[in-house]
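Close look at the chain arrangement
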Amino acid sequence: MTKEQPLVELIFDRLNDDHDVPSETAEVILAALSSDDDLAAALDGQTTELATQQAAAGPPAHLYLDSVTVAGFRGIGPERKLAIEPGPGLTLVVGRNGSGKSSFAEAIELTLTGDSARWAARTSVWRTGWRNLHAPHPCAITVELRVDGQATPIRVRRSWPDGGDLADAQATVTGGDGADSLERLGLARPLELYRPFLSAAELGKLVNGTPSELFDALYAILGLESLIAADRRLREAIRPLETSIKETRERRGTLHAELDGIDDERAKRAAPVLAEPQPKLDQFDLDQLDAILAEPLDAVADADVDVDVARCRQLAQLPLPQPESVAALAEQLVAACAEVRRYDESRSQASMRTAELLRLSLEHHAEQGDGPCPVCTVGVLDQAWRERGTAALNELRVSTLNAKRATEKRAELAQRVRALIGGIDVPEAAPDGVPLTELQAAVAALRAVPSAPDELAAHLAAHYPAVARAAEVARTGAEEWLRQRDSGWQQAADELRAWLTAVRELPDQQRDLAILKAARKWLSKAGDEIRNARLAPFAEHAQQIWQQLRQESNVDLGGMTLTGSHTRRKVVFPVSVDGADSGTVALGVMSQGEMHALGLATFLPRGCAAESPFRFIVIDDPVQSMDPSKVDGLARVLAELARERQVIVFTHDSRLPEAARRLEIDADVREVLRAEESVVTLRPSLDPVRRYLDDAWAVAKSTEVPEDVRGPVVAELCRCALEAASQRIIWRTQVGRGVPHAEIEAAIGAASRRLTTFFALAFFDDADRGGEVLGRLKNRYGGWAADAYQACRKGVHGAYVGALPALVNDTRRLTEKLT
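Let us look at the structure shown here. (Residues numbered from 1 in each chain as written. Predicted model: local features only at pLDDT ≥ 70, side-chain atom pairs only at ≥ 80, totals over all residues. Heavy atoms only, no water.)

1. Looking at the overall build of the protein
For the protein, the count of helices and strands is 29 helices and 18 strands. In the protein, buried positions account for 45% of the 819 residues. Taking contacts inside the protein between residues at least 6 apart in sequence as the whole, the part at least 24 apart equals 69%. (Helix = DSSP H or I, 4+ residues; strand = E, 2+ residues; numbered from the N terminus. Buried < 20%, exposed > 50% of the residue type's maximum accessible area, 1.4 Å probe, protein only. Contact = heavy atoms within 4.5 Å.)

What follows is the structure, encoded as structure tokens:
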């Protein structure tokens, strides 16, 4: 896939060629691709600058994985290094569950991304077992990346202090022309977009996650994430405009009903103006409504009435704290007074003076040394006195400090009480019918505050409740007087003014709404066209991979498409079953193994995108739920990718390396072994034939194994090697004839009872022709081959009298001929 033109420039070119788009709409489209501020500026008619969003520093051209070194992490205790040839090729890392192989895979992902997809959706319990139990210290991971064409590798290291949490890792980056972080190397964003890691957990998430997750991942890798952001900005700008216009239209009817029910001459004149809806709200007689609202609140314009209104409003809005909070303040003051009484103030003053004398005496002793007391001239200032004086001074300081703090707290609380009382402001008078006298009396009694702080607390607790009760009565009376006096016109007039302001803003709002909707419609259409063009190579690649993985599946995958938007966005995989359209998407008709194959078909095009700087992909446990035919398909897919990419696969399933051997795929197979105390070792994985023969040679040359035991054991191991070699021939022959994998496995299982039937199936593709095996061996390879075959077939039942090393050599020679 060739390098794509930046999205903003592509949109700009399309707008420039589309002469039907007004300039103000084009400005809004480009601004929406930039930022919220630019969009607001464009709607105000300001010119915005086109930002091409060029990256400050791009990532290195091609990166290969050179090695990963792990210590004290997950299943790996003492430090172990997995070195991989830094170039295209297939590496299979195999090992049983719990051997530590997945720990290497997780270590690579964690080091480069700071997290692991396996843990991301798990509870916190999963994150507590990341440190190895047997050798938790030191705990560190080092990943070396080889930049194509550079001699010095990039080394990314995460290390954890003793007892540190997962988030306490210290990350360091060295190499890469002096860059000291993944961000400066330009790798942070590519790690998000192309993510060259696929764990078993993430594979399940690809097919079982929410429809929007895969949509967003593909949109980002296609370089279209700014389209989602632009659409979001446009939607967020449209929503308040639509709401405001709708509310303004609906408010006309509500206002008319309110005004029609108010017994006020101004309301009676304003209501008919709003009686009938107009085609456009700005066609109402707004000037007439302005004139009515401009009239004085009281037609008589009596100054005394205005004063009464102000006084009643003051009462109605009188700010008083709740009695509960005032009672709590009084209790705090009582407690502070009690604390002060614990410290006798006069004694505290004496303590302060005593402390000062002690301090001066200690300074005198420090300067003059031992000697008579300079005050009384009787006592002696020596080391014993100094120790007693120092202790006494410390005790006096603590006592004095506590007394000072208690006094300051009491003073602060007393000041708050006096400020509360002094802040209660009530009018001097009120209109008839408003009960103000009781409130005035209660406030006057409250303001007669005593001087002593403890008496002040009791005074507040005793008199404030009466103030609160009287204030509530006065407030209710003032509100009722205002309602009766105003006849509802005051509130309605405020609402009418706000509505008129909204009506006058309607033309600008409607213009902006039309521009925003036109911009969103144009951008949606253009985005679909760009999206489909950019998605096509990925969809085609996914189909090619599926065709290889779908071995013997009756499900055919159609072209992958992205549909919907915002909350309804999803990725669709149309399928047909036995050539008939299923009428549904893929997941509805696929088995678990087929869904995992689909997940791989989706991931691999993303991980191998041409734009990605990562020339490696790491896959952990991809063989889940796959039948043998799909394992063969997976091996072929990986081999094809390995022509141009570095493919590292971790698996516990022996079928994948066996398929690679059977299909003669060039793969570097490593075996991970885990001993006690999390001691992990890595070794080249031998194929079964070679492993059996190596073991046979070791037994044949051993002096520790009794001679009568060696013969049958060597013969049995050589026989197993011949059976393994025969299996390869059987698989290769029958797969070439198109025999289903299940039938091949059944045939091998039936033939496994006798070596003769194994050879007959391998030579003649017919297990019943065992009588012809010996003649075929003699004619094709010679007598030595027939003798080795006979020795392996019969030697397991009794003592073998021939030379054991010679038998192993002849068997090895025969297996080489067979395969």
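2. Notes on the sheet that holds strand β7 (residues 197-198)
Whenever strands of a sheet pair, they do so through backbone hydrogen bonds, lying parallel or antiparallel. What the six strands build is an open sheet, ordered β7-β15-β16-β3-β17-β18; its pairing is mixed. The strands lining the two open edges of the sheet, one partner per strand, are β7 and β18 (680-684). In terms of strand pairing, β7 meets strand β15 (residues 616-620) through two bridges, oriented parallel. Considered in β15, the bridge of L198 is made with I619. Together, β3 (89-94), β7, β15, β16 (646-651), β17 (668-674) and β18 form the strand contacts of helix α4 (residues 101-113), whose direction differs from that of β15 by roughly 130 degrees. (Pairing = 2+ DSSP bridges. Axes fitted to C-alpha atoms, helices over the stretch in contact; angles between N-to-C directions.)

3. Section: the packing of helix α10 (residues 225-260) against helix α19 (residues 489-549)
At their nearest, the axes of α10 and α19 sit 7 Å apart, and the two run at 150 degrees to each other. When the axis of α10 is compared with that of α19, the two are roughly antiparallel. Crossing of α10 against α19: the hand is left-handed. Taken together, the residues of the contact of α10 with α19 break down into 20 nonpolar, five polar and eleven charged. (Parallel < 35°, antiparallel > 145°, perpendicular 65-115°, else oblique. Left-handed = near helix turned anticlockwise from the far one by under 90°. Nonpolar A, V, L, I, M, F, W, Y, C, P; charged D, E, K, R; others polar.)

4. Some thoughts on the sheet that holds strand β2 (residues 80-83)
Read from one edge to the other, the open sheet built from five strands follows the order β2-β1-β4-β5-β6, with strand pairing classed as antiparallel. The strands lining the two open edges of the sheet, one partner per strand, are β2 and β6 (170-174). Adjacent strand axes in the sheet meet at a mean angle of 15 degrees, parallel and antiparallel pairs treated alike. Note that strand β5 (residues 154-160) and β6 share five bridges and pair antiparallel. Bridge pairing in β6 places R158 opposite A171. Relative to strand β4 (residues 139-147), α4 is tilted by about 75 degrees, and along the sheet it contacts β1 (63-71), β2, β4 and β5.

5. Concerning the pairing of β5
Residues in a regular strand point their side chains to alternate faces of the sheet. Most of β5 sits inside the fold, with five of its seven residues counted as buried. Relative to β5, β4 runs antiparallel, the two being bridged by seven bridges. Opposite A140, over in β5, you have S159 as the bridge partner.

6. Some details on the pattern of salt bridges
Under the defined criterion, the tally for this structure stands at 27 salt bridges. Note that R195 is salt-bridged to E109, the shortest N-O span being 2.2 Å. Pair noted here: R195 is in the loop between α7 (188-193) and β7 and E109 is in helix α4, with a separation of 86 residues, a long-range link. Side by side, R195 and E109 carry an identical accessibility label, which is buried. When salt bridges with common partners are traced through the structure, they connect D231, R235 and R520 into a single cluster. (Salt bridge = Lys/Arg side-chain N within 4 Å of Asp/Glu carboxyl O.)

7. Here's the deal with helix α1 (residues 7-17)
Taken together, the buried positions of α1 are L7, V8, L10, I11 and L15. Mapping the buried residues of α1 onto a view down its axis gives an arc of 160 degrees, with all of them on the same face. The exposed set on the far side of α1, more than 90 degrees from its buried face, consists of N16 and D17. Those residues of α1 hidden inside the fold are in contact with α2 (23-32), α10 and α19. (Arc of directions from axis to C-beta.)

8. Some points on the packing of α1 against α2
Put simply, α1 and α2 touch, their axes get as near as 11 Å, and they point 175 degrees apart. With respect to each other, α1 and α2 are oriented roughly antiparallel. Where α1 abuts α2, its residues I11, F12 and L15 lie against A26, I29 and L30. Grouping the amino acids of the contact of α1 with α2 by side-chain chemistry returns six nonpolar, no polar and no charged.

9. Side note on the environment of G129
Mapping G129 onto the fold places it in the loop between α6 (124-127) and β4. Overall, the relative accessible area of 37% leaves G129 in the partly exposed class. Considering only alpha carbons, one finds G129 and F73, 56 residues apart in sequence, at a separation of 9.0 Å.

Scope: geometric values only; no functional claims are made or implied.
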